[in-house]
Every structure is written in structure tokens, then in C-alpha cells.
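Coordinate inspection notes
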Amino acid sequence: MATSTMNIETPETIVPNQNGNSKPHVEETGKARNWPLIIINCALVFCGVIGGPLLMRLYYLHGGSRKWLSSCLQTAGFPVLLFPLNFLYIKSKSSTQKNDQSCSFFMEPMVFFWSAIIGIVFGVANFMYALGLSYLPVSTSTILFATQLCFTAFFAWLVVKQKFTAFIINAVIVMTLGSVLLGINTNGDRPIGVSKAQYLLGFLLTLAAAALTGLGMPFIELAFSKATRNITYSTLLQFQIIIGLFGTVLNVIGMLINKDFQAIPREADEFELGKGKYYMIIILTALTWQLSSVGFLGLISYTNALFNGIYTSVLVPFTEVGAVIFFHESFTGLKGMALALCLWGFSSYFYGEYKTMNKVLNGKMPQNGP
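Only a predicted model underlies this, so the values are computations on that prediction, with no experimental measurement involved.

In terms of helices and strands, the chain carries 16 helices and 0 strands. Counting contacts in the chain only where the partners sit at least 6 residues apart, residues at least 24 apart contribute 84% of the total. Split by element, the accessible area of the chain, about 16300 Å² in all, is 69% carbon and sulfur.

The next subject is helix α8 (residues 148–159). Under the 1.5 Å per step criterion, the end-to-end length of α8 is 15 Å for 12 residues, consistent within 8% with the ideal 16 Å. Those residues of α8 that sit buried are Gln148, Leu149, Cys150, Thr152, Ala153, Phe155, Ala156 and Val159. Note on α8: the residue one or two positions beyond its end, Lys161, has a positive phi of about 60°.

Another aspect to go through is the packing of aromatic side chains. Counting across every chain of the model gives 13 aromatic pairs. Seen from their ring centres, Tyr129 and Phe145 are 5.1 Å apart, and the 65° between their planes marks the pair as edge-to-face. Remark: Phe145 occurs in helix α7 (residues 138–145) and Tyr129 occurs in helix α6 (residues 109–133); sequence separation between them is 16 residues. Take Tyr129: its relative accessible area is 6%, and that puts it in the buried class. Look at Phe154 and Trp157: their rings are 5.9 Å apart centre to centre, the planes differ by 40°, and that puts the pair in the tilted class. Placement of both Phe154 and Trp157 in helix α8 is noted, with a separation of 3 residues, approximately one turn of the helix. Judged by its relative accessible area of 41%, Phe154 is partly exposed. Grouped by ring-pair contacts, the aromatic residues Tyr59, Tyr60, Phe271, Tyr278 and Tyr279 constitute a single cluster.

Right, let's talk about the environment of Trp344 for a bit. Position of Trp344 among the secondary structure elements: in helix α16 (residues 333–361). The class of Trp344 is partly exposed, set by a relative accessible area of 47%. The spacing of Trp344 and Val174 is 170 residues in sequence and 7.3 Å in space, taken between C-alpha atoms. Discounting chain neighbours no more than four positions away, the residues touching Trp344 are Asn170 and Val174.

Helix α13 (residues 275–302) packs onto helix α11 (residues 233–258) with a crossing angle of 130° between their chain directions and a minimal axis gap of 10 Å. Regarding the angle of α11 to α13, the classification is oblique. Two packed elements cross with a definite hand, and for α11 against α13 that hand is right-handed. Touching Tyr233, Leu236, Leu237, Phe239, Gln240 and Ile243 of α11 are Gln290, Ser293, Val294, Leu297, Gly298, Ser301 and Tyr302, all from α13. Residues belonging to the contact of α11 with α13 are distributed by class as follows: 8 nonpolar, 5 polar and no charged.

This part covers empty space enclosed by the protein. Applying the stated criterion across every chain, the model contains 2 cavities of 30 Å³ or more. Space inside the largest cavity adds up to approximately 480 Å³. In terms of lining residues, the largest cavity is bounded by 28 residues, among which Gln74, Phe145, Thr213, Trp289 and Phe296 are the most central. Looking at the lining of the largest cavity, the elements that each hand over two or more residues are α2 (35–61), α6, α7, α10 (196–226), α11, α13 and α14 (305–314). The biggest single contributor to the lining of the largest cavity is α13, with 5 residues. Of the residues belonging to the lining of the largest cavity, the class tally is 16 nonpolar, 12 polar and no charged.

About the thresholds
Residues numbered from 1 in each chain as written. Predicted model: local features only at pLDDT ≥ 70, side-chain atom pairs only at ≥ 80, totals over all residues. Heavy atoms only, no water. Helix = DSSP H or I, 4+ residues; strand = E, 2+ residues; numbered from the N terminus. Contact = heavy atoms within 4.5 Å. Areas by Shrake-Rupley, 256 points an atom, 1.4 Å probe, with all protein chains shown as cover. Expected span 1.5 Å × (residues − 1). Buried < 20%, exposed > 50% of the residue type's maximum accessible area, 1.4 Å probe, protein only. Phe/Tyr/Trp six-rings, centres within 6.5 Å; stacked < 30°, edge-to-face > 60°. Axes fitted to C-alpha atoms, helices over the stretch in contact; angles between N-to-C directions. Parallel < 35°, antiparallel > 145°, perpendicular 65-115°, else oblique. Left-handed = near helix turned anticlockwise from the far one by under 90°. Nonpolar A, V, L, I, M, F, W, Y, C, P; charged D, E, K, R; others polar. 1 Å grid on protein atoms, 1.4 Å probe; cavity = no way out; pocket = protein on both sides within 12 Å on 5 of 7 lines; lining within 4 Å. Points joined across faces, edges and corners; volume = space filled by probe spheres on them.

Structural measurements only, silent on function.
This is the structure we're talking about:
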């Protein structure tokens, strides 16, 4: 993440400065006011990255087997965002600048187009992730998915011309080595009833899902930078609703073809934890993923795609601990080495950012855009 990516605007003036577009001047006080919003979005991502995989694995461990349903749950919670969006709309209508704000409340057609495309991409990635998780322990799946940072970094360089430092390159390399170590460990942590072929399929699908997610994040940043109007938090909610809508439609088509809707009542009756807990897990999973998705968009808007990828990867150790505590998953030596490499990559990135920030503050280098 380039230093300038921490130039944070207030919700009324959030416009990432990519591709040389002219943006309104941002005062220092505006930057300071938005640190709480960054923290809130980090908290949302924290809940989703940790809670989402654990809830999905809980579904699989106790009798759940519908892959398209699991994928659909990652986007199907978008209707809950209509409540805060409606509140923001009413607030904008009652504002003293009603005429100016009401005409720009809804997203632009081009931003809508980008959100629809990204929704389809994430819909495919979600299915790959859900299917992969059905064959992998949460701890292995989580560390594997953390490689999305590598893909995010590459596509950020390709799509939004993200600048790289030696520390970022080091982080990408060591995290890639970590995923290779996990690929070597094909027998030690295979869940009961999962064949070696299924384990390898889960490995490849999770890696592919990480690649598609890494592709989608910079395109979100690019979509925001192409907007001709200010990106407000209401725009972020609309953007996420469209992503959720198109991703859900894609997965619903898969559920119809796979006859999941007919199987859900039967699966609920046979669920080991009971019918009530079955539906509770489904609802909580959908809400958890949706909150994290809003957090992803917020972090990309207020910082950039690479920072979002870094922060998501930082949460890997917490999900690891959760899987060991709640599901008693084994923590093999190779998995520990992979986790250590991930932490090494995180440390390298943040140390590089710390040095860059110090140089900027001391006036030794300009604060250039990414």
C-alpha cells in the first residue's frame, strides 16, 4: 500500500484518487475524522473472516452437504443492507441540501455495471470456496485462502498500477511458499471420509477462489476511481447490494439445477444439531458474510485493495485458533511453518509501510499516489 492510500475523506467526499482523476481537496481534519470508520470496517471484516468459515464448517460437520447453498449464503444476506440504506436515504431527503444530495444519492450507471460484473465474479469464487471448504479443515482452508493477498497484489499492480516495495514483494513470496507447504501436507490433516483426490480438489478450488477474489478487489478500487461523483457510504451499500444480488442469482440458478431447495427441509430434519439450529446457522452465516463484505468495500474505499488483502490475511492466525478451539483440528508442523511464513510476510509489509511513513513525515520523500 502506498503511503497516500491513507488519505481518508469523510463519507461525503470519499473519492479514491487513482488513474489521475481530479478529486476534491481533503483537509487534514477530514482524514482524522474517518479513522473511526476504518476501525468499524476492520471490525466488520474481523467478524466475517473468522466467523464465516467457522459457521460454514459447522454446517458441513453436522450433516450439511449442499455446496450451492453454502455458496449462496456468502451473498444472500444483502437484503439486510436495505435498512441502513433506507435510513441514509431518508436522512439525505431531510438534509438542508436536499436537492443536491437526493439527485446524487443513487449510484451512477457505470458503477452499477461494475458492481454487477464483480458480483458474478464473486459468485463463482464463493462456490469454489464453499466446495473447497467441504473437503478441507478450516485451518488449512483459511491459510490457503490467505494467498489471495498474492493475487490481490499482482492484480492491483496490473489493474490500478499499485506501486511495490521490497517489503511487499517479500510478503508475497513468503506467503506463496506457505501455500506450497500446505499443498505438501495432503494426508496429515485430511478430514475423516475425505479421499486424497477430494482433498487435492479442495486445495485447488480454494486456491482458485483466492485468485478470483484477488482479481475482484482491485476492480472494486478501479470502479470507485472511475466514478464521476463522490463515493458516499450509501453508494458503498448500494454497490454491495448489487454484488450480493448478482452473486445470489448465480448461486440460486445452481441451487435450482441441483435441486437444493427440495433437499433443504430434508437436510434440516436430519441435521445432527437439530432443525432449529440448522436454520439458525444458515441465517447467522448469511449475516456474518454480508457484514464482512460491507467491511471489505469500506476498507477498499477508505484505503485500497492491497491494504484490504493485507488486513484479511492478518486475521488468519485468529481463524486458526478458532478452528483448533471449536473443532479440535490438528495443528501439524507443516501448517505451523506455513503460518509462520504468513506472519513473516505480514511483518515485512507493515515494517515497510512504517519506514515509508517515517520518510514522508520527515520530508525525505514525496507522498505519491499508488
